[in-house]
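Coordinate analysis (summary)
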Amino acid sequence: MADKLLVVLANANLDNPPELVPPLLQATVAAAMEFEVEILLTGLAGRLAIKGEPESMIIEDEHHKTVYAYMQEARRAGVIFKVCTPAIKLWGEDLVPEIHEIVGGAYIINESMDDNVVTFTY
């Protein structure tokens, strides 16, 4: 059995914040189950790494939490957040403190090909 979960957020619709909740919750649950978990922000989802972006995305449900609140919960559970270099080049380097590392495109390929890693993509 794999011991690491890699969640790649690339094509999630940032204009529909509820779409971001399932991958964040799944990562949080996996971390709580003591799996190693990383969320990699790339493509348009790379904007979630930039200060002000996830804080402005409100989930219109009974809790009215922001996407950033879900990211903070995931981080407290042990999820490691990484962002791809191209996202930084597009949107700037003012990152939310939850970002642990900036990685290149080869990182996704290398991790996804590892037999000990399960990759979910959104």
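Above this note sits the structure.
First things first, this report covers the structure right here in the doc. Just so you know, these numbers come straight off a predicted model, no measurement behind them.

1. Structural notes on the environment of D115
Within the secondary structure, D115 sits in the loop between α4 (105-113) and β5 (117-121). It is 22 Å that separates the C-alpha atoms of D115 and V83, two residues lying 32 residues apart in sequence.

2. Description of the packing of helix α1 (residues 21-32) against helix α2 (residues 67-77)
Closest axis-to-axis distance for the α1/α2 pair is 8 Å, and the angle between their directions is 15°. Put simply, α1 runs roughly parallel to α2. Like other packed secondary-structure pairs, α1 and α2 cross with a definite hand, here left-handed. Taking contact as the criterion, the partners of V21, L24, L25, T28, A31 and A32 in α1 are, on α2, V67, Y70, M71, E73, A74 and A77. Split by residue class, the contact of α1 with α2 holds 10 nonpolar, 1 polar and 1 charged.

Reading the values: rules and limits
Residues numbered from 1 in each chain as written. Predicted model: local features only at pLDDT ≥ 70, side-chain atom pairs only at ≥ 80, totals over all residues. Heavy atoms only, no water. Helix = DSSP H or I, 4+ residues; strand = E, 2+ residues; numbered from the N terminus. Axes fitted to C-alpha atoms, helices over the stretch in contact; angles between N-to-C directions. Parallel < 35°, antiparallel > 145°, perpendicular 65-115°, else oblique. Left-handed = near helix turned anticlockwise from the far one by under 90°. Contact = heavy atoms within 4.5 Å. Nonpolar A, V, L, I, M, F, W, Y, C, P; charged D, E, K, R; others polar.

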